[in-house]
Structures are given as C-alpha cells and as structure tokens.
Protein chains: 2
Amino acid sequence: MGKDNSIEPWHGMAKRDVQDLIGQIPHRMAHNYPDRPAITFQGTTRTFEEFNADCNRLANALLDAGFEKGDRFAALGINSYQYVVIWFGCAKAGVIHIPLNSELKADELDYYINHAKPRGLAVDDELYESVADKFDDWSPVETIVTIDKTDDITGRPQATRLSTFMEQGSADEPEVEDLDADDTIQISYTSGTTSKPKGVMMTHRTLFSQYASSIIDGGLGGDDTAIAMMPLFHVAQMHAFTVADIYNGAHQIILEGFDPGRVLSLIEDEEVTRLFGLPNMYRELVNHDAFEETDLRSLELCVYAMAPMPGSEVQEMMEQFGAGFEIYFGQTEMMPVTTILPPELHDTKAGSVGIPVRNVEVGIMDDDGNVLGREEEGEIVYRGGQVMKGYYNDPEKTAEAFEYGWFHSGDIGRLDEDGVLWFEDRKKDMVKTGGENVASLEVEEVLMEHPDIEEAAIIGIPHPKWNEGITAVVSSSKDDLTEDDILDYVSERKAGFKVPKTVVFVEEFPRTATGKIQKYELRDAYADIYQEPS
Amino acid sequence: MGKDNSIEPWHGMAKRDVQDLIGQIPHRMAHNYPDRPAITFQGTTRTFEEFNADCNRLANALLDAGFEKGDRFAALGINSYQYVVIWFGCAKAGVIHIPLNSELKADELDYYINHAKPRGLAVDDELYESVADKFDDWSPVETIVTIDKTDDITGRPQATRLSTFMEQGSADEPEVEDLDADDTIQISYTSGTTSKPKGVMMTHRTLFSQYASSIIDGGLGGDDTAIAMMPLFHVAQMHAFTVADIYNGAHQIILEGFDPGRVLSLIEDEEVTRLFGLPNMYRELVNHDAFEETDLRSLELCVYAMAPMPGSEVQEMMEQFGAGFEIYFGQTEMMPVTTILPPELHDTKAGSVGIPVRNVEVGIMDDDGNVLGREEEGEIVYRGGQVMKGYYNDPEKTAEAFEYGWFHSGDIGRLDEDGVLWFEDRKKDMVKTGGENVASLEVEEVLMEHPDIEEAAIIGIPHPKWNEGITAVVSSSKDDLTEDDILDYVSERKAGFKVPKTVVFVEEFPRTATGKIQKYELRDAYADIYQEPS
C-alpha cells in the first residue's frame, strides 16, 4: 500500500487519538447521553453510561488476563446484552472479535478455531455442554468464559463466568497504545462457496464507513427504538444495525431470537420504531393472532434482507404495518450493506436491490475486468471505504477477490438506466436459506461420503418460508436408501440450517458436454416442489 | 506514526479504491441521484449529474495543465457555484485547495501566497483588478483563472476564464493514482493569534469524520433545502454545511452574501428548510419589513455560530421562525464543529456551547497536561477523528498545539456535570467580530508602526451587531492625532473587518506588576461603549 506520504502528520499525537475507533463509540455516548437507554435485554435496560462501564470492565479484564492487541477472542452465543459488551470490550482492548455461528456443531467449529486461533472463547452457558468435549483439542484457546445471563448455572470446571471475569476489570477507560483505524477488529467468516469459509477482516475504518451509510442511506434515527432479533453473530444485525444504533444513540431491545408474539407486544409496549428481519418474519407477524389488535403506530421502518419480496406484497405490508419497507443488500466482505431499496422506490423498482449506499461504488464487470455500461449484465463489483481489508491469512483468495482493482461479489447483476441494481444470480454455487448462505459444495461433500450415495447435487429451490429450500438431488446404488436416512446422516454432521429440506432421487443427472451437472436444469425441473397446491 | 501494521491489507487494490475520498462524493451522488437538484446559484440550478461533470472538467483541466497530486491551488472569491466546483475539482485531481479570505488586501495576501506556494490561483472576476499588480511578485503562481459568472467580462491579459479552462477538461471521472485518505486536501488558514496565520491541514479522513458529525449530530437532512450565505472560504460554511450537504444529497442555494430581503423571499419561494448564519443575521431577518408576511413554514432548523445568543432571545426566535435553533462551536483545526447545542437544550443550557459531536472527545486540561474533572475550568482540548493533520510547514506550532497528546483549542472552558461544554474565555488574545476572528496582535502591530502612536491595545467589546466590536485603545505623543487618522491608517493596510470600530485615547494603561497591559481592565472600563442608550 506504499508508505505514509503525509507531511509531519499529527506531530506528537498518538494515532488512536486522531482517528475514529470502535472503542470510542460507547465512551462518547456515555459522555454525551449518559442516562439515555442503550440496550434492553430480558427486561433490564442499561443506559449508555452503564453499558460503557461494562465494556470497559471486559476490556480491562482481558488486558489484565494478558490479552494483547491483535489477539483473537471468539464468541459463541445467541443474542444477548453480553454479546454486545464482548464486541466492544474486545474493540477497546484492541482484541479481534471472532463471531461464531451458534448453530454450528462442535465438529464444524474445529475449522474456525484452528483458523482464527483465538486465545479466548466466550460461550453461551446453554451451549457449554455441547462443546466442552472439544476444549482439549482447541489448543489455541487459553481462556474460556461462559456467558451467564442468570445466577442459576451449574459448575463449569474449565470456564469462568463472564460476570465474574468482568468483575475483575476496572470500569475506567482502558489505555491501549498503538491502536489504528486500519487494524483488524473483527474476523467474520463467510459461509464458504467452493472453498472453506474465509475470514473477512473488518477494521475500525471500514466499519465506520458502513455506519455512515447505514445511518444516512438507511435513514436510521438517533431517537429510534429498534428490536434486534436477527443473530448478532451475523454482520447484518451487528453492523448495519446494532453497532450503528449505538453510534447513533438509539435504543435497542435485544431478543434471543424471533418470536412473533413477543415482537408484537414489544412494538406496542415500547413504542418500537424499527424492525429488521427476514421476509418470512414479517409474514409471520401479519399472520399472528395478535396482529390485528396490536397498536403499530410507533413503527416507522421495517428493513428486510437476505431475500427479495414481491413488490405487491411489500405495498400491502407497508399498509398493514403503517411503516416504510426497505431491502438491504450486500455481503460480509462489504460490512455488509451495499445497496438499499427505499420505501418510495418499491412501486417502480420492486424486485431490484436498490440504490448504492453513499460509501460504496457499484460496478458491473465482465470476465476480462472491463467495467460494463448500464443495462449490461455481469459480475457485481464494489469499491469504496466499506471494502474489507482482506481474507485473514489467505492472500491468494484475497488477491482473487480483488482482481482488476475491485472487490468481486460473486453475484451476477446489472445496473439499470437509473443506476438501480438488479441482482440476477449468484456466480458461485450457494443456497440462501433463511438468513444463511450455504455453500452447495459443503453439503455435497457430506452426501458423497455416504456409502450408498453415488452422486449428489445441492440446489436452492424457491421456498415460501426459507427463501430457498436447500434441496438434495441424489443418485443411489441401493434401492432401499430413504430420504430420512440421508437427512439423519447430514443432521449428525452439519448445522440444522444446512440440512436439506427435501431429497429427490434421480437415476441420471442432466450434464454438460464435459460431464458437469447442469444445476439450472435441476432447478427448473423441481422449481415448484415447495409451492403449496393451488 | 509508525508503519502500517496491517496483515496483507487490500491485496491488489489501490488505496484510493478502498477508502472514502472527497472526490468520490459528487460522483456517487451523480450515480445515485442524477436528477436531484444539487446547487442553485444566481437562478440556475445544477443537478448532481451536471455538478459532478463540472467538477470532473475542472479536475481534468488541472491534470491536463500539468498539476500533480500535492500541488496547491488557491481560490480568492466570494460565494459562487464555481467556488464549490473548484473545491471538488481540486479534490478529484489530488490538488490541495487553499481558500483565501476575499476581504484581504492585496498586500495581506502576500503572506498566504508565499507560505502555501500555490501553482494556481482562481480569482473572482470582480477582484481581479485589485490583485493584478501582484501577479509578478507571486512567483509560485503559474496558472491564473478568473471565476467568470457572466459572459460580460473584459479582457484579463494574465488569466484564463474559468469556463474556458474547464472546457478543456473531459467530463469523465479523472484517474489519479495513489490518492490516500490521509492526504492533505485543503489548507485553511487560521486568523493567527500571537503569531502569523497558520495553515490547517485537512485530509479526506478528518473531513469525512466531520461530515458524519454534522449530519448526525446537527440533524442535517438529505431532503433539506439549505441557503449557503456565509463565506465558503470559511471552514464552517464549507465543511459543516456545503460539502456535508452534497454528501447528504441535499439541495443548497448559494448566495454571494447575506441579504435579508432575498433570504426571506427564498425561504418562501424555494421552501427552504435550513439556514446558517450569525446571530445578527437572524436579528436582521426578524427586523426586516417583509418578515411578518413571509411564509416560513418550510423552515426547520436555524444554525448560528461564532457568537452566543441569550437563551431568552433564542426562545423568542424559535417561536418567530417556527424552527429549532442550534449553536455550532468549534474551530478550523477541528474541521470545525466540536459541540452543538440542540434546540431542546436551549432552555436549560442556554449560554453553553452544547454537547460534543460524536466524533470529537472534549477534555479540560490544566497547564501541566492533567485532564480535569467536571465543573473544573481549564483549557478546552480535543481528540478524535476530526483533529487536523497539523499546521502546514510548521512542525513547531503543530507540536505545541498537540502537547500532552490532545489538540489545544486555546479556549478556556468547563464541562458541567451533564457533560455540556461552557466556553469561558479565549486563552489567546483574539477579537470575534462578525464571523471573523481577528488576532489583536496583528492590528496592534499596524498601530505601533504609526509614527504618532506610543502604545496600543486591541480589545473586543460586546457589540449589538458585530458580537464584539474591535476596539483600539491607544496612547499618543501628539495631541492632534484623531480617530479618523488612525482608522484611515489601518484601512489602508488591513482588511475592513480588522479595522477598529472605535478608538479610545488614554494617557496610561492599567498594567500588571511586570508591566503587561491588563486587557480585562480595559474591557471592563469600556464595556458599554457600543450599547445603545437606554
């Protein structure tokens, strides 16, 4: 990247004191709005001052325990107040946060632990038993804390309770020298496509760029009350909303997960102004018994992501909820939001993924690195302040992703004459099921290990609930192999969201001239299997 | 600042493509909102697409003319559409913009030209004659363009018309390699205090930090229609508003200067939502004949700066204008806004300068570098992303300003128990007159050069129109030296805003034990000279 070409810059100042850093966010908010509610979780509300003090306690406890700048600390848990404290505590200490998907099986976690080599691990109390057998294998991990949300927990011989760990730390601002806005502060793993999951390096700077886009383009309000119900281990909930909301001074109510009845009663009781969820969550809310009688007047904005919604449905929902609907589009490598379709464009541009956010430039590129014109189809590529620093310990994949001086999304699309982005297809072989991306290859590899399966292809088929239903198409040497056999086999080895919704048995696969399975033929052939009979 | 400690960062990407840079702003807006009005000037409105094309034309013309990254380009002019094009054109070319106060006399400009050494100069057509004699002396300046706002101009032998110069440049995005967010992009000169004016180095990064603060803390709206009537050569109008508004997608109407009748008719005709001006401008609006009959319902926010307003007056004005009032406080070295007093705090915190913006940390420091507690008085110091890169070619003053790891404001103040900042006094000897800071020393030096003046002190006295009236207290060896003699003498040598409003003749000065003039005694003695008789 070349050397610093600045002229006597910031003479006498530490870099950390002349840059915007993640750890400053709760500190500033605690100074400016000490008594404002920051986070409500399980009925308890912490102010920005209380929240910042907790972040400091964790940061100081980490430093006291010998953690140093650049060390990694992994978090395995569902949504909680503590989860957010861990993120900011790490940021204040200069420790790199590694979010782990709480649905992963213990064996699946091996890869992440061995790749990120975290010195510390925080694990939800409820998940402790499921991974405790692994601790001896996970040699990089020296410090284990359990995220205790109640006092009612049993003994954990190898771990310290998070609350106990934090009590050891001072509530004062930690002093860490040599922090830099270009330091990696989180490594967030992609679901992987044709290769193993890749660790996306996020820095203070790339994330602040996202927060400006989120707040300005997304129209997030400093006086919002938001519900955080999507997983915090995903970059969308964490950075498009939760951290941006704290930076913005908003109040958020963290839920362990999506519960339509609870969401409806919270909207009315807490005068919630904003939701973020999957299309299907909004459908579940509309279909809930309490929907009609719930007072939704406080609601201003409903953001959805991960899957498109038909324009007519969005129009109807905007009436039903009495709020604007926006789609957010992007990917982990972009922190993650790259385009937003605002409410007012849902009539003319429904089906598109919207307008680029202000800190992202969107291009369409052909295979030779030429940037294409309007209405031309090609790979969606990105530039700007939100681009990831690279893939952790993977210069090869990083160079590949940054070919021709743009970040390559792996998505196919086009910009229309108005500069609106239309997502057409994935260049890489993935299934988007619920909020998760599943690499077809990963499930195909498991299937191919089954002794009775000859060949297998994983495809995504439109599904009313899951956006795409992950679907296995298999050929078998045995007549008595059943769907249940196969689903059990996968369930034992992979997280639930990776298990196919349906297995289709075939005798032969459609193939290209070179013998490659033609997945688009399979997707066409089974396009309707998840549709309800009309 | 140490070397880049990042791990294989942005492999294969140019730094300019993974950072937020000033030149990207109009490009992105032109992509996202091509047909939205960006700037209206002298009755002509340019869309973001037209505006970006003009910025590109200037950037490419500069590059074609041989300007290189890091070269300086000075602009001497009052407000115009062209002035903003010059700023963004320079940014796109990597050329450093040097704003010059259009009220400065030709001789006063020598200092800035010799210090900044600009290779190019843009000068308002109307100001050309006043500085043309200087061009031979200003050897660094190779290229001179006149900012032509009409076709009706006479020949300028040494200059090219800006419109002609721009026609030579392509409207396509210029390609400049090696741009970096930490590059200096503007050098904005302070008014100087005890020394010569200092060149504040502003970078892409420090300015983006300001824009986030402006937009989020100031509550600027992307759908605002704003009037830009304060000088664009000042950092407040330029960065707290004009560039922030373009980044935010807002529409601004640029006025050459403040004209109360025109402002009132614009508010009604163009449904203006926001104003930024001096307290006295709001007073002139209220007192204008057309005020009562003007439809002000579109107005949402009135920002004032440079001088406090009594709380009762602000309350009354909020009723009269039907809009919120905010004070912005700060200084050039901070890009410039550090605190904002929002409308809702004008009842309980009137007289304060408000709450720190989110990208600035405010501290109070004693003379030994200790950060003091709440309610303790000391020097106001700052940290965070908005801190300037340093003073151009002045490592000594930079080191002084950054002593003890904070930026020293030169202001005395305190943070109250609620974290609200109260400005108490200037540590340095300055007069705030209108929107300008005048260093007492600079005017005192001129006075002392007068053969008949024995000693002189410049002080600021509360003034109903100018915030402070710049006041000369002099002792003379001659009995027949008159006030007019002195005022004429200063007028010939200094810009109008530096000329005293009144001269007071004294025989002796109040002095400290060490013989230093006690200015606070003078300020007390003449406190009422600008008050209207009651």
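Position labels on residues start from 1 in each chain and follow its written sequence. Chain labels run from A onward and ligand labels from 1 onward, assigned in the order the entries are written. For this predicted model, a pLDDT threshold of at least 70 governs which residues receive local features, and a threshold of 80 or more governs which side-chain atom pairs are given and counted, while totals over whole chains, interfaces and linings are taken from all residues. Only hydrogens and water are set aside when side-chain values are computed; all heavy atoms of the structure are taken into account.

**Points about the overall build of chain A**
Each helix is a run of H or I in the DSSP string that is no shorter than four residues. Each strand is a run of E no shorter than two, and both are numbered from the N terminus. Helix and strand counts for chain A come out as 15 helices and 26 strands. A compact globule built from 534 residues would reach a C-alpha radius of gyration of about 24 Å, and chain A, at 23 Å, matches this within 12%. When the backbone C-alpha atoms are referred to their principal axes, chain A occupies close to 70 × 60 × 55 Å. Counting the 534 residues in chain A, one finds 64% classified as buried. In this description, contact between two residues means that some pair of their heavy atoms is separated by no more than 4.5 Å. Once local pairs closer than 6 in sequence are excluded, the contacts in chain A between residues at least 24 apart make up 66%. The globule rule used for comparison is 2.2 Å times the number of residues to the exponent 0.38, while the radius of gyration itself is calculated over C-alpha atoms. When accessible area is computed with a 1.4 Å probe and restricted to protein chains, residues below 20% of their type maximum are described as buried, those above 50% as exposed, and intermediate ones as partly exposed.

**What about the sheet that holds strand β17 (residues 361-365) of chain A?**
What links the strands of a sheet is backbone hydrogen bonding, and the strands pair in either a parallel or an antiparallel sense. All names here are of chain A. In short, DSSP must find at least two bridges between two strands for them to pair. Pairing is antiparallel in the open sheet, where four strands are placed in the order β17-β18-β20-β21. A strand with exactly one partner marks an edge of an open sheet, and here the two such strands are β17 and β21 (421-426). Each neighbouring strand pair of the sheet contributes to a mean axis angle of 50 degrees, computed without reference to strand direction. As paired strands, β17 and strand β18 (residues 378-383) are joined by five bridges and run antiparallel to one another. Each residue of the ladder has a partner; that of isoleucine 364, found in β18, is isoleucine 380. Axis definition: a line fitted to C-alpha atoms, over the contacting stretch in the case of helices. Angles run 0 to 180 degrees between N-to-C directions.

**Quick notes on the pattern of salt bridges**
What counts as a salt bridge is simple: a side-chain nitrogen of Lys or Arg found within 4 Å of a carboxyl oxygen of Asp or Glu. With the rule as written, the count across this model stands at 72 salt bridges over all chains. For A:Lys519, the salt bridge goes to A:Glu444, with nearest N and O atoms at 2.5 Å. Here A:Glu444 lies in helix α13 (residues 440-449) and A:Lys519 lies in helix α15 (residues 519-525), a separation of 75 residues in the sequence. Judged by its relative accessible area of 14%, A:Lys519 falls in the buried class. Its salt-bridge partner being B:Glu175, residue B:Arg16 comes within 3.0 Å of it at the nearest N-O pair. Taken together, the residues span a long stretch of sequence, with B:Arg16 in the segment before α1 (24-32) and B:Glu175 in the loop between α6 (162-167) and β8 (184-189) at a distance of 159 residues. Residue classification places B:Arg16 among the buried residues on the basis of a relative accessible area of 12%. Overlapping salt bridges bring together A:Arg16, A:Asp17, A:Glu175, A:Glu177, B:Glu361 and B:Arg383 as one network.

**Digging into the sheet that holds strand β20 (residues 407-415) of chain B**
All names here are of chain B. In space, the four strands of this open sheet follow the order β17-β18-β20-β21, with antiparallel pairing throughout. Looking at which strands have only one partner, the edges of the open sheet turn out to be β17 (361-365) and β21 (421-426). Averaged over all adjacent pairs, the angle separating strand axes in this sheet is 50 degrees, with direction ignored. Pairing of strand β18 (residues 378-383) with β20, which is carried by four bridges, proceeds in the antiparallel orientation. Opposite glutamate 379, over in β20, you have isoleucine 412 as the bridge partner.

**Brief notes about the side chain of B:Asn248**
As for its position among the elements, B:Asn248 is in helix α8 (residues 235-248). For B:Asn248, a relative accessible area of 5% puts it in the buried group. When sequence neighbours within four positions are dropped, the list of residues in contact with B:Asn248 reads A:Ile216, A:Arg358, B:Arg36, B:Ile215, B:Leu220, B:Gly221 and B:Gly222.

**Describing α1(B)**
The buried fraction of α1(B) amounts to eight of the nine residues, a majority that puts the element mostly inside the structure. Buried within α1(B) are the following residues: B:Gln24, B:Ile25, B:Pro26, B:Arg28, B:Met29, B:Ala30, B:His31 and B:Asn32.

**Regarding the side chain of A:Glu361**
Structurally, A:Glu361 can be placed in strand β17. Under the relative-accessibility criterion, A:Glu361 is labelled buried at 14%. Here B:His27 takes part through its side chain, which lies 3.0 Å from a polar atom of the side chain of A:Glu361. Not counting residues within four places of it along the chain, the set of residues in contact with A:Glu361 comprises A:Val381, A:Tyr382, A:Arg383, A:Trp406, B:His27 and B:Arg28. Definition of a polar contact: a pair of N or O atoms within 3.5 Å, with one able to donate and the other able to accept a hydrogen when the atoms are protein atoms, and with sequence-neighbouring residues admitted only if both atoms are side-chain atoms.

**Topic: the interface of chain B and chain A**
Of the residues lining the interface, 66 residues belong to chain B; the matching set on chain A comes to 67 residues. Here chain B meets chain A over a buried area of about 5,700 Å², counting both sides, of which 53% is carbon and sulfur. At the junction of chain B and chain A, the tally comes to two salt bridges. Residues A:Arg383 and B:Asp17 are paired through a salt bridge, measuring 3.6 Å at the closest nitrogen-oxygen approach. Summed over both partners, the accessible surface that disappears when two parts come together, traced with a 1.4 Å probe, is what is meant by buried area.

**Quick look at the relation of the copies chain B and chain A**
Least squares is the method for superposing the copies, and the C-alpha atoms it fits come from residues with pLDDT of at least 70 in both. Taken as rigid bodies, chain B and chain A are interconverted by a rotation of 180 degrees and an axial shift of 0.0 Å, the fit giving an RMSD of 0.1 Å. Taken together, the rotation and translation describe the operation of a two-fold axis. Considering only C-alpha atoms, the part of chain B nearest the rotation axis is B:Ala212, at 3.2 Å. A share of 100% of interface residues in chain B that are also interface residues in chain A marks the association as one of identical surfaces.

**What about the packing of aromatic side chains?**
By convention, a stacked pair of Phe, Tyr or Trp rings (six-membered ring in the case of Trp) has centres within 6.5 Å and planes under 30 degrees apart, an edge-to-face pair has planes over 60 apart, and any other such pair is tilted. Enumeration according to the criterion identifies 41 aromatic pairs over all chains in this entry. Ring centres of A:Phe329 and A:Phe423 lie 5.6 Å apart, and the angle between their planes is 50 degrees; this geometry places the pair in the tilted category. Note that A:Phe329 is positioned in strand β14 (residues 324-330) and A:Phe423 in strand β21, a separation of 94 residues in sequence. According to the relative accessible area criterion, A:Phe329 is buried, its value standing at 10%. By relative accessible area, A:Phe423 is classed as partly exposed at 24%. Ring geometry for B:Phe402 and B:Phe407: centres 6.2 Å apart, planes at 75 degrees, overall edge-to-face.

These results come straight from atomic positions and should not be treated as a statement about function.
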